[in-house]
Amino acid sequence: MEEPKYRVRALHTERTVTVYQAYRPGIGLPAAREGRFPDAWKRDRMTWIKPSFLWMMYRCGWGTKEGQETVLAVEITREGFEWALRNACLSHYKRGFHSDRADWQRELRRAPARVQWDPERDLRLRPLPHRSLQLGLTGEASRRYADEWTVSVTDVTPLAHRIHDLVRTEGPEAARPLLPREEPYPEAPGLLDHLRAPARTTDGDATTGAP
């Protein structure tokens, strides 16, 4: 069966969903050690979370890019994740989906979260036809993410390096069993209706890659 273009795939339980971020060791290591983000983590800045492990690997270069050397798996409550989605706005204007550009801009200014859909990646980090959710949190959403929704923080940098080494030395199929088991997220009806453009548009359709 062909994968839908827009669908959330994630490692999840009945209560939680796992998202990924990458930080410099000064932030990432204390977060993993304490199971929460340290005071040095700026709660007033936008932060992007990614349910896709491989998209995170694309973004951080398997944990080798400067400032992204520590890869974190952050387990958050599904309640919080869904609150962010319900209160999110698309990060790009789409003609025919939004009523007009001014209305979208007002919505974007008010929204505590924003969504963009970037091409999912394979084990060689090549783009796939379907999209991966990137969820940006700011203001209230960012603070609640750090101080209310976070259940656990795990340093998965060794796993990232192990998978990367296997891809390089033995090929993707050798590495595939080590990937987190990301399955379609059981979204409630209507949860993502305001975040899925039904067809390709000609204005604002480009994606830039979430931070």
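Throughout what follows, the structure given in this document is the object of discussion. (Residues numbered from 1 in each chain as written. Predicted model: local features only at pLDDT ≥ 70, side-chain atom pairs only at ≥ 80, totals over all residues. Heavy atoms only, no water.)

Now for the overall build of the protein. In terms of helices and strands, the protein carries seven helices and nine strands. Whereas a compact globule of 211 residues would reach a radius of gyration of roughly 17 Å, the protein reaches 17 Å, a difference of no more than 12%. Dimensions of the protein, computed from the C-alpha atoms along their principal axes, are close to 50 × 40 × 35 Å. When the accessible surface of the protein is summed, it comes to about 10,600 Å², and 48% of that surface belongs to carbon and sulfur atoms. Between the centroid of the 34 positive side chains of the protein and the centroid of its 30 negative side chains there is a distance of 4 Å. (Helix = DSSP H or I, 4+ residues; strand = E, 2+ residues; numbered from the N terminus. Rg over C-alpha atoms; globule rule 2.2 N^0.38 Å. Areas by Shrake-Rupley, 256 points an atom, 1.4 Å probe, with all protein chains shown as cover. Lys, Arg positive; Asp, Glu negative; His and termini not counted. Charge placed at Lys NZ, Arg CZ, Asp CG, Glu CD.)

Taking strand neighbours across the sheet as the criterion, the three strands line up as β2-β4-β8 in an open arrangement whose pairing is antiparallel. If you trace the sheet from one side to the other, it starts and ends with β2 (16-23) and β8 (150-155), each paired once. The average angle at which neighbouring strand axes cross in this sheet is 25 degrees, direction not considered. Across five bridges, the pairing between strand β4 (residues 70-77) and β8 is antiparallel. Opposite Leu72, over in β8, you have Asp155 as the bridge partner. Contacts from helix α2 (residues 53-60) reach β2 and β4 within the one sheet, and its direction differs from that of β2 by about 10 degrees. (Pairing = 2+ DSSP bridges. Axes fitted to C-alpha atoms, helices over the stretch in contact; angles between N-to-C directions. Contact = heavy atoms within 4.5 Å.)

Let us now look at helix α3 (residues 78-86). A large share of α3 lies buried, amounting to seven of its nine residues. Buried within α3 are the following residues: Arg78, Gly80, Phe81, Glu82, Trp83, Ala84 and Leu85. (Buried < 20%, exposed > 50% of the residue type's maximum accessible area, 1.4 Å probe, protein only.)

Now for the sheet that holds strand β7 (residues 127-137). Across the sheet, which stays open at both edges, the four strands sit in the order β3-β7-β6-β5 with mixed pairing between neighbours. The two strands at the open ends of the sheet, each matched to only one other strand, are β3 (47-49) and β5 (88-90). The mean inter-strand angle of the sheet, taken between neighbouring strand axes irrespective of direction, is 40 degrees. Bridge count for β5 against strand β6 (residues 113-121) is three bridges, and the pairing is parallel. Pairing of Cys89 across the sheet is with Arg114, part of β6.

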